Amino acid sequence: MKRGSPAETRARARKIVTRLERAYPDAHCALNHENPLQLLVATILSAQCTDVRVNMVTPALFAKYRTAQDYAVADPAVFQEAIKSTGFFRNKTKSVLGMAQALLERHGGQVPDTMEALTALPGVGRKTANVVLGNAFGKNLGIVVDTHVQRLSGLMKLSRQKTPEKIERDLMPLVPQPKWTVFSHLLILHGRAVCVARRPNCAGCVVNRLCPSSRV
């Protein structure tokens with residue numbers, strides 16, 4: 001299967017979304033959270049770390065630190081110890097505590113719901129902002145490109161780019177905007193369950209006839 005024209009690729013991408021939605025009807029954010037602040041903290045902690053590991057750390061963390069003020073005045077040494085198992089704990093401590101201080105100074109302790117305000121916070125890039133905007137505020141302003149999304153979008157020939165920012169720019173015109181947030185969840189679930197990096201189960205894949213890399 002060739003990559004096809006832009007129109008053909010867009011039509012194929014939409015069929016992929018539809019089939020994956022049928023296969024994973026409960027697709028949602030894997031990071032456990034109850035409010036935007038919790039999701040923002042969890043997303044910062046998830047860098048270079050599995051969602052499963054983050055979800056093991058956050059219950060105790062969220063019980064102790066409930067507001068931006070709590071994080072802003074936290075003892076860095078104590079906080080580092082609490083998140084140590086997520087890796088890169090010194091940088092993550094600096095990011096979370098700095099982010100919380102910025103929330104107090106600029107937004108009254110509340111997590112903002114715009115891309116510009118979120119990405120201006122310490123430790124918050126576009127990917128993290130996309131996670132928070134899509135899952136905490138229901139705003140589809142971008143597509144989260146993690147390692148699964150990057151790998152699968154390449155295999156499906158939806159993007160030939162190698163960096164998350166450029167891949168996101170390729171995907172956004174292909175996927176209907178209301179589906180931008182769920183699209184990431186769908187590819188992540190599919191990448192974990194079927195299109196596994198070292199042993200893809202092409203025979204059991206619901207989009208194998210739409211995937212140029214399919215071995216079926």
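Let us look at the structure shown here.

Here is what the cut-offs are and how they apply
- Residues numbered from 1 in each chain as written.
- Predicted model: local features only at pLDDT ≥ 70, side-chain atom pairs only at ≥ 80, totals over all residues.
- Heavy atoms only, no water.
- Helix = DSSP H or I, 4+ residues; strand = E, 2+ residues; numbered from the N terminus.
- Rg over C-alpha atoms; globule rule 2.2 N^0.38 Å.
- Buried < 20%, exposed > 50% of the residue type's maximum accessible area, 1.4 Å probe, protein only.
- Contact = heavy atoms within 4.5 Å.
- Lys, Arg positive; Asp, Glu negative; His and termini not counted.
- Charge placed at Lys NZ, Arg CZ, Asp CG, Glu CD.
- Core = buried A, V, L, I, M, F, W, Y, C linked by side-chain atoms within 4.5 Å.
- Polar contact = N/O pair within 3.5 Å; in protein donor to acceptor, adjacent residues only side chain to side chain.
- Phe/Tyr/Trp six-rings, centres within 6.5 Å; stacked < 30°, edge-to-face > 60°.

### So, the overall build of the chain
- The helix and strand tally for the chain stands at 11 helices and zero strands.
- Element order for the chain, N to C, with α for helix and β for strand: α-α-α-α-α-α-α-α-α-α-α.
- Taking 2.2 N^0.38 as the reference for a compact globule, 216 residues should give roughly 17 Å; the C-alpha atoms of the chain span a radius of gyration of 18 Å, in line with that estimate.
- Dimensions of the chain, computed from the C-alpha atoms along their principal axes, are close to 55 × 30 × 30 Å.
- A buried classification covers 47% of the 216 residues belonging to the chain.
- Long-range pairs, those at least 24 residues apart, make up 60% of the contacts in the chain with a sequence separation of at least 6.
- Of the side chains in the chain, 31 bear a positive and 15 a negative charge, and the two mean positions are spaced by 12 Å.

### Details of unusual backbone geometry
- A positive phi angle, close to 55°, is found at Q48, a residue other than glycine.
- Looking at where Q48 falls in the secondary structure, it is placed in the loop between α2 (36-45) and α3 (51-64).
- Judged by its relative accessible area of 69%, Q48 falls in the exposed class.
- Even without glycine at this site, F88 takes up a positive phi of about 45°.
- Within the secondary structure, F88 sits in the loop between α5 (76-83) and α6 (89-107).

### Some remarks on the nonpolar core
- Ranked by internal contacts, the top residues of the largest apolar core, which has 38 residues, are V41, Y71, V96 and M99.
- For this core, the elements supplying multiple residues, two or more each, are α2, α3, α4 (68-72), α5, α6, α7 (115-119) and α8 (126-136).
- When sequence neighbours within four positions are dropped, the list of residues in contact with V96 reads V41, I44, L45, Y71 and F79.

### A closer look at the side chain of N140
- By the secondary structure assignment, N140 is in the loop between α8 and α9 (147-155).
- Taking the relative accessible area as the measure of exposure, N140 reaches 17% and is therefore buried.
- Engagement of the side chain of N140 in a polar contact is seen with the backbone oxygen of P178, the distance being 3.5 Å.
- Apart from the residues lying within four places of it in its own chain, the contact partners of N140 are Q177, P178, W180 and T181.

### Focus: the packing of aromatic side chains
- Scanning the entire structure with this criterion turns up three aromatic pairs.
- Aromatic pair Y65 and Y71: ring centres 5.2 Å apart, planes at 20°, arrangement stacked. Each of the two residues, Y65 as well as Y71, counts as buried.
- Seen from their ring centres, Y65 and F79 are 5.4 Å apart, and the 70° between their planes marks the pair as edge-to-face. With Y65 in the loop between α3 and α4 and F79 in helix α5, this residue pair connects regions lying 14 residues apart in the sequence.
- Counting every residue linked through ring pairs, the aromatic cluster contains Y65, Y71 and F79.

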